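One-letter residues, chain by chain:
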Amino acid sequence: MPAREGTYGLLAEFDTPSDLVRAAQQARQDGWRRMDCYTPYPVEEAAEAIGFHRNKVPLVTLIGGLMGCAAMFSLETWISTLAYPLNIAGRPLYSWPAFIIPAYEWTILWAGLSAAFGMLALNGLPALYHPLFNAPNFRDGATTDKFFLCLEALDPKFDLVEAKAYLQQFKPNSVVEVEY
Amino acid sequence: MAHGSQPASHSKALPADLGAPAFVNAWKSRALIVGGISMCIAILLIFLANAQDHLGFDHFYRAWALGTMVTWGLCIGGLALLMVQYCSGGKWGLLLRRPLEAMSRTLPLIIIYFLGLATGMKRLYLWAKYTSDSDTTAALSQHLISEIQKHCLDFKRPMLNPAAFLSVSFLCFAIWGFYAWRLNALGLKRDSQGRETTPFWIKKLENISGPGIVVYALTMTAAAIYWVMSMDPTWYSSVYGLLFLVGQGYATLAFSIIVAVSLSKAEPFKTLLRQTEQHDLGKLTFAFVMLNIYLAFGQFLIIWSGNLPDEINWYLDRIRGGWGVIITLDFIFHWLIPFTMLLSRDLKRNKKRIVRVCQWMIFARAFDMFWLIEPNFKDAARNLHFSWGILEYIAVPVALFSFWLAYFCTQLKTRPLVQTNDPHLEEILEPEHVHA
């Protein structure tokens, strides 16, 4: 992919999550779709305000967990009944109560790994570059105490002058243009 | 967190009337009707069962024990959760404080239930029926008890005898009564004072509750051992008290969620119950669902692995002769269904559905208790069979639970539903996105 050039979007900075959520809700209502919120901690209402949609991480986690469970339980069954059948205190070879704990551990392990790697695979991390880091106020504030709304240039409604005026109505601390 | 440029945000105001809504009275009268009808059915069943197998009163008292254990779990489980939230803090604690206080104030009714249990002592506990070495020798010669039962009864007599049973039980009631009275009295006193006293109260209630949780764990273990475990004098398990403790947390959280969500149909809970706290409570309940199966399965696995004759019989009594169906259903009811349901984030945030799951969990707790209690007795061990007496396990617990619920509603109405002298109150009135 050739390097993109030009404007990535307009970044508005807010002091409080309430202001951000209000702006994001209004923008969504006014038809904006290519936009994103950036906050120092998870703000669920902001995600809802920009039309949060479901992702597949829970499904990946469930499948990973079930696979781990099935794999370990089958492994134990195979070892105990076919590969190395041992008489342990006269118990049946297929002694399922003893298989539960490793199977459970593998369920947790695989569910956890699937959640972590599934999340990374689905959200495109690790990203080596993101244009928003070109904005100095974003670098300083996004991980501490500022709340950002970015209207992206890919949105068909986007026009540099109009979008800037549009964001100004929410009385943000600043609106800056971010280059790719 | 302060609101910046636009102070007219969507923060809410505390409603003027903080009392329990009027429909709590309707719950109360409904509970009384259900309780009365169930008790009539239970008494009718005694005679039906007596005509069938002469075990009518036995089953009545066994079912009474079940009902007592479930309501006792909600009463002192409420007391324990009240102490936990004073130590842990959190907005869910503020939300539940008054319902939990009301649960802890139902202790007098539990004492009455316990007195009922004590009158049926001879039918429930072998050690109450055979109180001396000569009694057990005579019973053994008539094949009323087995040799191992005689041995255990004689050996454990210093602990398992009616006098010790009653004194330990009343000591426990006195201790729980003290904590319930102290925390309830201080809760009101705190409200009568100003905001500046908050640090004092936080410290004070923490200092009572912290040791209180330890005392609760010890006393409820003693009670669980005397009241339920000793129905089989031959068996013991060191995790028994903890299993009951977790079971109480399981049922108490489920009941608290039902109460909080049902109250949210009207003020003040309509304003106070936010999705965030409902979700938090759902997650906490989920943790108890996990811990419960973890301990129950751990106990089973250890005894199954050991396969020793003095331990394994307890499980064989509860697996063989048809009981395998009950233990399988118990696993499904008690763990599989709540676990798979509560995994869902959407369900935990949906008022209607989470209440359904919580109601189911309280039923599952009673079902588990049926599996714990009924196979202790000779006529039922390794022999699950239908009799009219089995139906007592539905009628009596429903009656006892309904009467308890009515008493809980009475207690709930005696106080405002919100503690106002608490810094969490302002936060709970703010919109959900303000706090991380």
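Residues numbered from 1 in each chain as written. Chains lettered and ligands numbered in written order. Predicted model: local features only at pLDDT ≥ 70, side-chain atom pairs only at ≥ 80, totals over all residues. Heavy atoms only, no water.

## Description of the overall build of chain A
Part 1: Per the secondary structure count, chain A includes six helices and four strands.
Part 2: Taken over the C-alpha trace, chain A has a radius of gyration of 25 Å; the compact-globule value for 180 residues is 16 Å, which it surpasses by more than 25%.
Part 3: The principal-axis extents of the C-alpha atoms in chain A amount to approximately 80 × 40 × 30 Å.
Part 4: In chain A, which comprises 180 residues, the share counted as buried stands at 36%.
Part 5: A separation threshold of at least 6 residues defines the contact pool for chain A, and within that pool the share at least 24 residues apart is 80%.
Part 6: Counting every atom, chain A has about 10,700 Å² of accessible surface; 64% of that belongs to carbon and sulfur.
Part 7: Distance between charge centres in chain A, computed from 13 positive and 19 negative side chains, equals 5 Å. (Helix = DSSP H or I, 4+ residues; strand = E, 2+ residues; numbered from the N terminus. Rg over C-alpha atoms; globule rule 2.2 N^0.38 Å. Buried < 20%, exposed > 50% of the residue type's maximum accessible area, 1.4 Å probe, protein only. Contact = heavy atoms within 4.5 Å. Areas by Shrake-Rupley, 256 points an atom, 1.4 Å probe, with all protein chains shown as cover. Lys, Arg positive; Asp, Glu negative; His and termini not counted. Charge placed at Lys NZ, Arg CZ, Asp CG, Glu CD.)

## Topic: the domain arrangement of chain A
Part 1: Partitioning chain A into domains gives domain 1 (7-54 + 130-179) and domain 2 (57-123).
Part 2: Taking the mean C-alpha position of each, domain 1 of chain A and domain 2 of chain A sit 44 Å from one another. (Domains from an automatic or database assignment.)

## Observations regarding the layout of surface pockets
All names here are of chain B.
Part 1: In this model, the second largest pocket occupies a volume close to 1,100 Å³.
Part 2: Along the walls of the second largest pocket sit 33 residues, with Ile258, Gln359, Ile362, Phe401 and Leu405 positioned nearest its centre.
Part 3: Within the residue set of the lining of the second largest pocket, elements represented by two or more residues are α1 (23-53), α2 (56-88), α11 (240-263), α17 (351-373) and α18 (392-413).
Part 4: No other element matches the 10 residues that α17 contributes to the lining of the second largest pocket.
Part 5: Residues belonging to the lining of the second largest pocket are distributed by class as follows: 23 nonpolar, five polar and five charged. (1 Å grid on protein atoms, 1.4 Å probe; cavity = no way out; pocket = protein on both sides within 12 Å on 5 of 7 lines; lining within 4 Å. Points joined across faces, edges and corners; volume = space filled by probe spheres on them. Nonpolar A, V, L, I, M, F, W, Y, C, P; charged D, E, K, R; others polar.)

## Quick look at the packing of α2 of chain B against helix α4 (residues 107-119) of chain B
Residue and element names in this part refer to chain B.
Part 1: As a packed pair, α2 and α4 sit with axes 9 Å apart at the nearest point and diverge in direction by 155°. It follows from the interaxial angle that α2 and α4 lie roughly antiparallel. Classified by chirality, the crossing of α4 by α2 is left-handed. Residues Tyr61, Trp64, Ala65, Thr68, Thr71, Trp72, Cys75 and Ile76 of α2 form the contact with α4, whose participating residues are Leu107, Ile110, Tyr113, Phe114, Gly116, Leu117 and Thr119. (Axes fitted to C-alpha atoms, helices over the stretch in contact; angles between N-to-C directions. Parallel < 35°, antiparallel > 145°, perpendicular 65-115°, else oblique. Left-handed = near helix turned anticlockwise from the far one by under 90°.)

## Some thoughts on the confidence of the model for chain A
Part 1: The predicted model of chain A averages 91 in pLDDT, with 98% of residues at 70 or higher.
Part 2: Within chain A, no element has a lower average pLDDT than helix α2 (residues 44-49) of chain A, which sits at 85, and none a higher one than helix α3 (residues 57-83) of chain A, at 96. (pLDDT = per-residue confidence, 0-100.)

## What about empty space enclosed by the protein?
Residue and element names in this part refer to chain B.
Part 1: Under the definition given, this model contains one cavity of 30 Å³ or more.
Part 2: By volume, the largest cavity is sized at about 50 Å³.
Part 3: When residues of the lining of the largest cavity are traced back to their parent elements, those giving at least two are α2, α11 and α17.
Part 4: Considered class by class, the residues forming the lining of the largest cavity number six nonpolar, three polar and one charged.

## Let's talk about the nonpolar core
Part 1: If you look at the biggest cluster of nonpolar residues, it comprises 144 residues, and the most contacted ones within it are Trp72, Tyr125, Trp176, Trp227, Phe244, Ile373 and Trp404 of chain B.
Part 2: Ranked by the residues each element gives to this core, the list is headed by α2 of chain B, at 18 residues.
Part 3: Non-local contacts of Ile373 of chain B, meaning those with residues more than four positions away in its chain, are made with Arg62, Ala65, Leu66, Val228, Met231 and Tyr393 of chain B.
Part 4: If you look at the next biggest cluster of nonpolar residues, it comprises 25 residues, including Tyr41, Val43, Ile50 and Leu167 of chain A. (Core = buried A, V, L, I, M, F, W, Y, C linked by side-chain atoms within 4.5 Å.)

## Some words on the pattern of salt bridges
Two side chains with opposite charge may pair up if their charged atoms get near one another.
Part 1: Scanning the model with the defined rule gives 25 salt bridges over all chains in all.
Part 2: Two residues, Glu44 of chain A and Arg345 of chain B, come together in a salt bridge whose shortest N-O distance is 2.9 Å. You can see Glu44 of chain A sitting in helix α2 and its partner Arg345 of chain B sitting in helix α16 (residues 345-348), one on each of two chains.
Part 3: Residue Glu101 of chain B pairs with Arg98 of chain B through a salt bridge whose shortest N-O separation is 2.9 Å. (Salt bridge = Lys/Arg side-chain N within 4 Å of Asp/Glu carboxyl O.)

## Points about the sheet that holds strand β4 (residues 174-179) of chain A
Each strand in a sheet pairs with its neighbour through backbone hydrogen bonds, running either in the same direction (parallel) or in the opposite one (antiparallel).
Residue and element names in this part refer to chain A.
Part 1: With respect to topology, four strands assemble into an open sheet ordered β2-β3-β1-β4, the strand pairing being antiparallel. With one partner strand each, in any of the chains shown, β2 (35-38) and β4 form the two edges of the open sheet. Strand-to-strand twist in this sheet, taken as the mean axis angle between neighbours without regard to direction, amounts to 20°.
Part 2: Across four bridges, β2 lies against strand β3 (residues 147-152) in antiparallel orientation. Across the sheet, Cys37 pairs through a bridge with Leu149, a residue of β3.
Part 3: Contacting β1 (7-14), β2 and β3, helix α1 (residues 17-29) crosses the sheet at an angle of about 20° to β3.
Part 4: Of the strands in this sheet, β1, β3 and β4 touch helix α6 (residues 160-168), which is tilted by about 10° from β1. (Pairing = 2+ DSSP bridges.)

## Section: the packing of helix α7 (residues 133-141) of chain B against helix α8 (residues 147-155) of chain B
All names here are of chain B.
Part 1: As a packed pair, α7 and α8 sit with axes 10 Å apart at the nearest point and diverge in direction by 175°. When the interaxial angle is binned, α7 and α8 end up roughly antiparallel. Within the contact between the two elements, α7 uses Asp133, Thr136, Thr137 and Leu140 and α8 uses Glu147, Lys150, Leu153 and Asp154.
Part 2: Taken together, the residues of the contact of α7 with α8 break down into two nonpolar, two polar and four charged.

## Overview of a nonpolar patch on the surface
Part 1: Side chains of Leu59, Leu62, Ile63, Leu66 and Met67 of chain A sit close together on the surface and give an oily, nonpolar patch of about 490 Å² of accessible area.
Part 2: Looking at the secondary structure, you find Leu62 of chain A in helix α3. (Patch = residues over 30% accessible without salt bridge, like charges linked within 9 Å, V, L, I, M, F, W, Y side chains within 5 Å.)

## Looking at α6 of chain A
Residues and elements named next belong to chain A.
Part 1: All of the buried residues along α6 are Ala163, Tyr166 and Leu167. The buried residues of α6 occupy one face: seen down the axis, they fall within an arc of 95°. Structural note: α6 exposes Val161 and Glu162 on the side pointing more than 90 degrees away from its buried face.
Part 2: Elements in contact with the buried residues of α6: β1, α1, β3 and β4. (Arc of directions from axis to C-beta.)

## Here's the deal with the packing of aromatic side chains
All names here are of chain B.
Part 1: Counted by the stated rule, this structure contains 58 aromatic pairs over all chains.
Part 2: Relative to Trp227, the ring of Trp176 has its centre 6.3 Å away and its plane inclined at 85°; by these criteria the two rings are edge-to-face. With Trp176 in helix α9 (residues 162-191) and Trp227 in helix α10 (residues 198-227), this pair connects stretches of sequence that are 51 residues apart.
Part 3: A relative accessible area of 1% means that Trp227 is categorised as buried.
Part 4: Here the aromatic rings of Trp360 and Phe363 are separated by 5.1 Å at their centres, their planes lie at 55°, and the arrangement is tilted. (Phe/Tyr/Trp six-rings, centres within 6.5 Å; stacked < 30°, edge-to-face > 60°.)

## Overview of the confidence of the model for chain B
Residues and elements named next belong to chain B.
Part 1: When pLDDT is averaged along chain B, the result is 93; 96% of the residues meet or exceed 70.
Part 2: Below pLDDT 50 for its whole length, residues 1-8 participates in 19 contacts with residues either more than four positions away or in separate chains.
Part 3: The complex model carries a pTM of 0.89, and its ipTM stands at 0.80.

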